[in-house]
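Listed below are the residues making up each chain.
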Amino acid sequence: MLIALSQITTGPEPAKNLDLIEEQARRAAEAGARVVVLPEAAMACFGTPLAPLAEPLDGPWAHRVRAIAEAAGIVVVAGMFTPAGDGRVTNTLLATGPGVEATYDKIHLYDAFGFAESDSVAPGSTVVTVDVEGVRFGLATCYDVRFPELFRAHADAGAVATLLAASWGAGPGKREQWELLVRARALDATVWVAATGQADPAASGISGAGTAPTGIGHSMLVGPDGTVREALGAAPGLLIAELDVAEVARVREKTSVLANRRLGLGDAAITYPV
């Protein structure tokens with residue numbers, strides 16, 4: 001299956017970002033991709049007040065994304081913000097297109113490196129997978145990549161790949177952490193990981209300020225053996241890559257990390273210190 005990783009730089013205006021999403025979905029479909037993964041915060045970049053622009057899933061922004069997916073005949077996965085009901089928002093991935101309609105609310109919030117996502121964002125609690133033409137994908141968002149149990153949960157649910165949307169924070173060593181973590185999660189769960197980040201604003205000619213995680217680029221498709229198969233640099237780009245579903249079974253036959261697990265599975269033979 002061909003999939004597309006759309007590395008873009010979104011701005012603070014949701015309507016303008018929809019035009020960019022439409023252009024990327026059209027290009028991906030024309031290249032033969034069946035899924036296009038856009039970054040976290042595709043609705044509006046971080047550093048923007050989120051509560052005033054958050055919309056429900058039946059609101060105009062999500063409706064337009066559905067129309068874009070339908071017109072292009074492709075499954076679109078894009079990050080948006082929905083009202084949480086307590087003054088905060090939910091960091092939501094909308095997956096929509098032919099035969100697909102699902103949402104994932106980011107479980108692990110980025111309360112790290114001096115940034116407190118939980119001040120403005122409420123956490124999700126549900127693992128979500130979607131089926132595209134018989135291929136199952138798990139959904140994850142940015143900071144989730146630091147938590148291997150989510151990716152293993154995708155594998156346990158039958159997923160052969162995780163679609164990871166991000167807006168990674170910049171800083172010393174952060175690119176190296178991004179690349180290491182994405183590859184490690186592929187190895188942990190023996191799944192493909194399609195990791196799509198916001199492009200580096202500077203590479204888009206946008207001067208940024210503040211500490212908000214607005215992206216560093218370096219989107220990549222990593223195989224279930226942890227090797228990087230395709231990757232982008234810091235600048236915006238659309239990566240079309242082939243995902244070999246059958247490779248997952250081949251890798252799992254050789255590297256049986258899922259079958260060999262002992263911890264966290266209720267094995268009575270394992271004792272834990274008190």
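See the structure above.
Residues numbered from 1 in each chain as written. Predicted model: local features only at pLDDT ≥ 70, side-chain atom pairs only at ≥ 80, totals over all residues. Heavy atoms only, no water.

Novice: Sorry, what's going on with the packing of aromatic side chains here?
Specialist: Note on aromatic pairs: each is described by the distance of the centres and the angle between the planes. On inspection of all chains with the given rule, the structure shows six aromatic pairs. With a centroid separation of 5.5 Å and an interplanar angle of 80 degrees, the aromatic rings of Tyr 110 and Tyr 143 are classed as edge-to-face. Of the two residues, Tyr 110 sits in the loop between β5 (100-105) and β6 (111-112) while Tyr 143 sits in the loop between β10 (135-141) and α3 (148-156), which places them 33 residues apart along the sequence. Exposure remark for Tyr 110: the relative accessible area of 10% places this residue in the buried category. Tyr 143 gets classed as buried once you look at its relative accessible area, which sits at 13%. Aromatic side chains Trp 168 and Trp 178 sit 5.1 Å apart centroid to centroid with 50 degrees between the ring planes, which places their arrangement in the tilted category. You can see Trp 168 sitting in the loop between β11 (161-166) and α4 (174-189) and its partner Trp 178 sitting in helix α4, a full 10 residues away along the chain. Each member of the pair, Trp 168 as well as Trp 178, is classed as buried. Through successive ring pairs, a cluster of aromatic residues spans Tyr 110, Phe 113, Phe 115, Tyr 143 and Phe 147. Positioned above the aromatic ring of Phe 113, the side-chain terminus of Lys 174 is 4.6 Å from the ring centre. (Phe/Tyr/Trp six-rings, centres within 6.5 Å; stacked < 30°, edge-to-face > 60°. Helix = DSSP H or I, 4+ residues; strand = E, 2+ residues; numbered from the N terminus. Buried < 20%, exposed > 50% of the residue type's maximum accessible area, 1.4 Å probe, protein only. Lys NZ or Arg CZ within 6 Å of the ring centre and 35° of its normal.)

Novice: Could you clarify how one ought to interpret the packing of α3 against α4 in this entry?
Specialist: For any two helices packed against each other, the geometry is given by the interaxial angle and the distance between the axes. Two numbers describe how α3 lies on α4: the axes approach to 9 Å, and their chain directions differ by 45 degrees. By the criterion of interaxial angle, the relationship of α3 to α4 is oblique. Classified by chirality, the crossing of α4 by α3 is right-handed. Taken together, the residues of α4 that come into contact with α3 (itself represented by Pro 148, Phe 151, Arg 152 and Ala 155) are Arg 185, Asp 188 and Ala 189. Each residue belonging to the contact of α3 with α4 can be placed in one class, and the counts come to four nonpolar, no polar and three charged. (Axes fitted to C-alpha atoms, helices over the stretch in contact; angles between N-to-C directions. Parallel < 35°, antiparallel > 145°, perpendicular 65-115°, else oblique. Left-handed = near helix turned anticlockwise from the far one by under 90°. Contact = heavy atoms within 4.5 Å. Nonpolar A, V, L, I, M, F, W, Y, C, P; charged D, E, K, R; others polar.)

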